[in-house]
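Fold and geometry: a report
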Amino acid sequence: MNLGAIDPVLLIASLMVAATPIILAALGELVVEKSGVLNLGVEGMMITGAICGFAVAVETGSPVLGFVLAAMGGAALALIFALLTQYLLSNQVATGLALTLFGLGISAMIGQAYRGVKPPATAKLNLGPLGDIPVLGRMVFSHDWVVYFALVLVAGVWAFLKYTRGGLILRAVGENHDAAHALGYKVVRIRLAAIAFGGACAGMGGAYVSLVRVPQWTDGMTAGAGWIALAIVVFASWRAGRVLLGAYLFGGISVLQLNLQAAGVPVPVEILSMSPFVVTIIVLVFISARQKGAAVAPAALGRIFHASS
Amino acid sequence: MNRRTLLGATAATAILAATGAFAAAHGPLKVGFIYVGPVGDGGWTYEHDQARQKLLAHFGDKIETVYQESVPEGADAERVMTQMALSGVKLIFTTSFGYMDPTINVAAKFPDVKFEHATGYKTADNVAVYSARFYEGRAIQGHIAGRMTKTNKIGYIASFPIPEVIRGINSAFIHAKKANPDVQFNVIWAYTWFDPAKEADAAKALIEQGADVILQHTDSTAPQAAAQAAGNVITFGQASDMGEYAPSPRVSSIIDNWAPYYIARTQAVIDGTWQSANTWDGIGAGMVGIGEITDAVHEDVKAEALALKDSIASGAYHPFTGPLNKQDGSAWLAEGEVADDGTLAGMDFYVEGVTGTIPN
Amino acid sequence: MSVIRLERRAAPSRFWSVATPILAVALTMIAGGVMFALLGKDPVAAIRTIFWDPLFNTQFAAYSRPQLLVKAGPLILIAIGLSLGFRAGVWNIGAEGQYIIGAICGAAVGLAFYPADLWIVFPLMVIAGALGGWAWAMIPGLLRTRFNTNEILVSLLLVYVAEQILASMALGLLRNPEGGGFPGSRNLQQYAAASNPELIAGTGMHWGVVAAFIAVIFAYVLLTRHITGFHIRLAGQSPRAARFAGVNPARLVLLCLGVSGALAGMAGLFEVTGPAGQISIDFNVGYGFTAIIVAFLGRLHPVGILLAGLLMALTYIGGELAQFMLGLPAAAIQAFQGMLLFFLLAVDVMTNYRIRFGRGAAT
């Protein structure tokens, strides 16, 4: 066993990268759920974003353009969900799961032409002197732009929900759509925007997997990250800041367990492999036990809205 | 068994036999493939499908091929095989270990259909098994790794602790150690067949802990990309050549090359000479390909590696040749003794010098 | 203000509740046909292969038809359990994990008896399977009732934990000692006392399918005739009213999770002893997740679930046929299934709403 081989600085740097796709997808889903809509199709939107971003980055040579198109691809898929659940009033849980199935299929079909191709590299952001700060420079200031974009987005979503009128309306719609409707807010349109935003975020998260983390295209390559993102939203009790905490906790333990294995720690591999899931559950139990009964989920979550007048 | 079930069973068998015979009457030979992953997995299934395409190119309109992707092992596999056989397919390649019992079950129902099961050990009159001696390729990787490492730390990304993977670790370790007595292996068990992001994290963890050579028994190129980002780390392609990462970090590769075997077995069915067999081929027969060793490897090392490859291919040298002890120090192979295939096939121990324990 | 409006019906339309699935399948055939044509395949042949051949093809329908039951059995059994919870607002997303643990527990009991040839072995395994699934579902249940921890998250994450346990069991404790070091347990099909064979040859009926039918009937009676069924429906529609009616919410959560867990565990046990045969690293194939779709497609109604399970099974088996008969990629089949679900869910709106054209006078 050689625990000294694990460098905490590098560990944190790694977890920031590992957590980025989950942060992006979870933030998007957070906004969707805040508006009172439960979209279980995150995995499908992520994988669609992954292939859209990959294909565009390969064709144009621009990873940035790839991310933009990934966001659009994810949003486009999300709009199918929006059409079904908002206009045709279909059940959200089933529609979301169908969306995942559809997304996995469509992405694999688009991806047939992109197997074994190497995408253009997403450059590390040169933060000038910040990158030269000892310890912190390597740990925090040595990443690509998407890592920071995700962090900025966390702050943005937090501020939007907390301080803006738009955020207030969104939350009102999510808490009680009938009341919001009675006040004259366009419930369906607001939810449409939220769902599209969620799709765009999930798409970018997927593109981060195919363009930066792996980077290659293989069918189904997000391998369940969308489900983790869904879990993180619940873990975060629907708060943007806690999404960051949850994603870093999950990503951190995932990276740590691999590091412990590499260092030869005599703990059974099965236990290490399941640790990210178990620890997340345990932490949530502590958090929820402290909150004592406070209903944290948006009250209208998953309920169908139909304006009767 | 009461009379009713007996009658039912006979009727079902009669239907199966009748339709099978009907479909056999005319047309080109139909050859079927059952894949465990999507053909776009870039690794295991991808290479089987490449071989299928070569098979089709070789025989032209004398054969037809059909395939099914992402077939779960177990009940679904049994159904897919049965439906293939019912539709007139006469030769079925089932390309994953988990298809073993389903293959045997279905083969018993269709005596005129030939089955070829990859990486298993159960045979029947109409079931042959085949597998590749990938550990021969691992020996060459191990040698290059041992000679190239500067930190003396070699990282190994493993999937699940099954004999195939353990054999690869041992073979690579033995030859790395021969080339460089100070070498040390760090193994990460990913506990997944497929999760590119996890493979990337595993490679990073190994590199951050000082490994400057990464060997992988998982199929994605994620570790290659991680090595490239780190710089000064070398890797080897797995399953397919992964040539897009040559000349560095990817310095060589093990390529699964099933085409020669598929062509030979199909020819045997056409000729009517097919017989059940247990084939375990390596570099010599061309089932295990060694991808080009790039110029990132020093000339001397490259020459040694190629010499090792030739001696393995010709059968002059076996990668598991004694003296070798097991990890606990107990004797395994005496001086000059060569491991028997039975022990290799079910290998569940590390050789002496590998640190860490095999899960379970 | 809009040109097309939806007007809620006083009661669901009987006509449309039957007609919408047919309409949805027809729409899927058109949209799917376009997709297959774009892929360069004959759309008519593709649609026929998916929907017709498994049922009526002379070459292999005799085999495929019973397979519908084999494929639909676990989906129905799990979906019935889930539907009770979904009606009550209890969100068990982790049936896949309960399915795995049920299979492991049941198989472990059977393997412990190996090679004893006692009639009691199989019943004990069924009980162990149900208990295993139940216990795994009790984790989110107790965490929800004791600590108010969200059951969606816990049940979902426990799927991943169960998968790790499964891999570990297949490689370790339950590994076949005569399997030459390869992963996977003994094949239970070959151990008569522990196997779950076809009960009547050529029908696909095994104990799991029988259990699924019993569950359908049981759920139907429970929901329409029993006070617990009333409580479940009430809790879903109005938690406040349920409390006034004397429903203990904690008990209801435990009941719903427990029943769905036990049924999922039994489904796993029947699968591992029958069609699948053995515990292997990736024994589970996603029935637990697909069953969620089945539950909602069936409108959470037992009979609806029965039909939805059979329809899903048909698309799986027809999709397999289309893949190897016509060379359609598996991805296209997946997308096609997604489309079918979209259409089924979309046209369902006709059942509960009337579509009105033109400007509404009241707005």
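Everything that follows concerns the structure shown earlier in this document.
Residues numbered from 1 in each chain as written. Chains lettered and ligands numbered in written order. Predicted model: local features only at pLDDT ≥ 70, side-chain atom pairs only at ≥ 80, totals over all residues. Heavy atoms only, no water.

**Describing the overall build of chain C**
Of the regular secondary structure elements, chain C holds 15 helices and 2 strands. By residue count, 60% of the 363 residues in chain C fall in the buried class. Considering only intrachain contacts with a sequence separation of at least 6, the fraction spanning at least 24 residues in chain C is 77%. For chain C, the accessible area works out to roughly 14,100 Å², and carbon and sulfur atoms hold 67% of it. Charge-centre separation for chain C: the mean point of 22 positive side chains lies 18 Å from the mean point of 13 negative side chains. (Helix = DSSP H or I, 4+ residues; strand = E, 2+ residues; numbered from the N terminus. Buried < 20%, exposed > 50% of the residue type's maximum accessible area, 1.4 Å probe, protein only. Contact = heavy atoms within 4.5 Å. Areas by Shrake-Rupley, 256 points an atom, 1.4 Å probe, with all protein chains shown as cover. Lys, Arg positive; Asp, Glu negative; His and termini not counted. Charge placed at Lys NZ, Arg CZ, Asp CG, Glu CD.)

**Quick notes on the environment of alanine 262 of chain C**
Summarising the element assignment, alanine 262 of chain C is placed in helix α11 (residues 249-273). Setting aside its immediate chain neighbours within four residues, alanine 262 of chain C contacts Ala130, Gly133 and Trp134 of chain C.

**Let's talk about the packing of aromatic side chains**
If you walk through the whole model with that rule in mind, you get 40 aromatic pairs over all chains. Plain terms: the ring middles of tryptophan 145 of chain A and phenylalanine 149 of chain A are 6.0 Å apart, the flat faces sit at 75° to each other, and that makes the pair edge-to-face. Pair noted here: tryptophan 145 of chain A and phenylalanine 149 of chain A are both in helix α6 (residues 145-163), with a separation of 4 residues, about one helical turn. Residue tryptophan 145 of chain A is classed as partly exposed on the basis of its relative accessible area, which comes to 22%. On the basis of relative accessible area, phenylalanine 149 of chain A is assigned to the partly exposed category, the value being 31%. The ring of tyrosine 245 of chain B has lysine 118 of chain A sitting right over it, with the charged end atom 4.4 Å from the ring centre. (Phe/Tyr/Trp six-rings, centres within 6.5 Å; stacked < 30°, edge-to-face > 60°. Lys NZ or Arg CZ within 6 Å of the ring centre and 35° of its normal.)

**Overview of the sheet that holds strand β8 (residues 213-216) of chain B**
All names here are of chain B. Pairing in this open sheet of 6 strands is mixed, and the strands run β7-β6-β8-β9-β10-β12 from one edge to the other. Here the strands that pair on one side only, and so sit at the sheet edges, are β7 (184-189) and β12 (288-291). Pairs of neighbouring strands in the sheet enclose a mean axial angle of 20°, with direction left out of account. (Pairing = 2+ DSSP bridges. Axes fitted to C-alpha atoms, helices over the stretch in contact; angles between N-to-C directions.)

**Side note on the side chain of serine 288 of chain A**
Residue placement: serine 288 of chain A occurs in helix α12 (residues 269-291). Separated by 3.2 Å, the side chain of serine 288 of chain A and the backbone oxygen of valine 285 of chain A make a polar contact. Here phenylalanine 147 of chain C takes part through its backbone oxygen, which lies 3.4 Å from a polar atom of the side chain of serine 288 of chain A. Look past the residues within four positions of serine 288 of chain A in its chain and what remains in contact with it is Phe147, Asn148 and Thr149 of chain C. (Polar contact = N/O pair within 3.5 Å; in protein donor to acceptor, adjacent residues only side chain to side chain.)

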